[in-house]
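Residue-level structural notes
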Amino acid sequence: MLICVPNVLSKQDVADFRRIMDASAWEDGRSTAGAQSALVKRNEQLPPDGEAARKLGNRIISALTANPRFLSAAVPQHIFPPLFNRYTAAAGHRFGIHVDNAVRGDRLTGLRIRTDLSVTLFLSEPEEYDGGELVIEDLYGSHEVKLPAGDLVLYPASSLHMVTPVTRGARVASFFWLQSMIRDAHARSMIFDLDTAIQALAERLGRDDPETVKLTGIYHNLIRYWAEV
Ligand code: NI
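Throughout this document, residue positions are counted from 1 along each chain, in the order its sequence is written. Under the rules for a predicted model, residues below a pLDDT of 70 receive no local features and side-chain atom pairs below 80 are neither given nor counted, while totals for whole chains, interfaces and linings still include all residues. Side-chain numbers here rest on the full set of heavy atoms in the structure, without hydrogens or water.

Remarks on the coordination of the nickel ion
At this site the nickel ion is bound by His98 (NE2), Asp100 (OD) and His161 (NE2), with donor distances of 2.1 Å. Sites may look incomplete, because water is not among the atoms used; the donor set itself consists of N, O and S atoms within 2.8 Å of the metal (3.2 Å for Na, K and Ca). Along the chain, the residues donating to the nickel ion fall in the pattern H-x1-D-x60-H. Within this pair, whereas His98 is found in strand β7 (residues 94-98), its partner His161 is found in strand β15 (residues 161-163), the two being separated by 63 residues in sequence. The exposure classification of His98 matches that of His161, with both residues buried. Secondary structure elements are defined from DSSP: runs of H or I of at least 4 residues count as helices, runs of E of at least 2 residues count as strands, and each element is numbered from the N terminus. Working definition: with a 1.4 Å probe on protein chains only, accessible area under 20% of the residue-type maximum means buried, over 50% means exposed, and in between means partly exposed.

Dropping the structure here:
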């Protein structure tokens, strides 16, 4: 299941991120690619252990932990330190079809996670570049994703995906992985759907409506049943 989360960062935050990123040194994106991905990955990224990536990454994690839709969709247990990449038309950047590594380790923190979900947080507006669609394949076909700056998409890390060649301008994004407390993707998806329905009911009937309260209890008990921590 693909889930988009709008306005994770404000436009002001995005402008601030872009200013800091523009002033930073970039390196070949293959430094963090697995052996298979390295064959098809052509882009640049901020050095993962560098100050810019760590500072901006922490700001993203703060924004995520305050975002109810993200928390409900991901039920995160561990979030990998966010990375940052750039695809430019002049360099013919692209990232061919691949699956992300199942396990990711972070050198600085020693964190090792199972990658349940992949996340792309867009930091360029769609008008700034042509191409650069994130294409994700699932049971229902392939989906092209290009979101406004500040929005993110969550998708199963087990999906085949690619970034199409950028043919004009530059595409800047943050990308990272997370381990969810709910390992089972179907359970996670149903729990998210239930929460979305409860939020809509609460709007109509009020949070203190007895049926809303009961359903909220069921939602929490489903998480208790499924969560592995
Ligand atoms: Ni990938």
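That shown, we press on.
What to know about a nonpolar patch on the surface
Exposure above 30% relative accessible area and no salt bridge define the residues that can form patches, which grow by joining like charges within 9 Å and nonpolar side chains of Val, Leu, Ile, Met, Phe, Trp and Tyr within 5 Å. Only the protein chains shown count as covering a residue, and every accessible area follows the Shrake-Rupley method with a 1.4 Å probe. The salt bridge criterion pairs a side-chain nitrogen of Lys or Arg with a carboxyl oxygen of Asp or Glu, the two atoms within 4 Å. Where nonpolar side chains cluster on the molecular surface, the patch consists of Ile218, Leu222, Tyr225 and Trp226 and spans about 410 Å² of accessible area. Assignment of secondary structure puts Tyr225 in helix α6 (residues 210-226).

Re the pattern of salt bridges
Opposite charge on two side chains allows them to pair when their charged atoms are near. Applying the stated criterion to the full structure yields 15 salt bridges. Close ionic contact of Glu44 with Arg86 constitutes a salt bridge, the shortest N to O distance being 3.0 Å. Taken as a pair, Glu44 in strand β4 (residues 44-45) and Arg86 in strand β6 (residues 83-88) lie far apart in primary sequence, 42 residues in all. Among the residues examined, Glu44 registers a relative accessible area of 21% and is labelled partly exposed. Under the relative-accessibility criterion, Arg86 is labelled buried at 19%. The salt bridge involving Lys146 is made with Glu133; its shortest N-O contact spans 3.8 Å. Taken together, the residues Lys146 in the loop between β13 (141-145) and β14 (152-156) and Glu133 in the loop between β11 (129-131) and β12 (134-138) connect sequence positions 13 residues apart. Each of Asp13, Asp16, Arg19 and Arg59 takes part in one network of salt bridges that share partners.

Topic: the domain arrangement of the protein
Segmentation of the chain into domains, including their bounds, is taken from an automatic or database domain assignment. Each assigned domain of the protein is listed here: domain 1 (3-180) and domain 2 (185-226). Computed over C-alpha atoms only, the centres of domain 1 and domain 2 are separated by 29 Å. With eight residues of domain 1 at the contact, the number on the domain 2 side is four residues. Here's the idea: put two parts together, see how much 1.4 Å probe accessible area each one loses, and the total over both is what we call buried area. Summed over both partners, the interface of domain 1 with domain 2 comes to about 580 Å²; 62% of that surface belongs to carbon and sulfur atoms. Note on definitions: a residue-residue contact is assigned when non-hydrogen atoms from the two residues lie within 4.5 Å.

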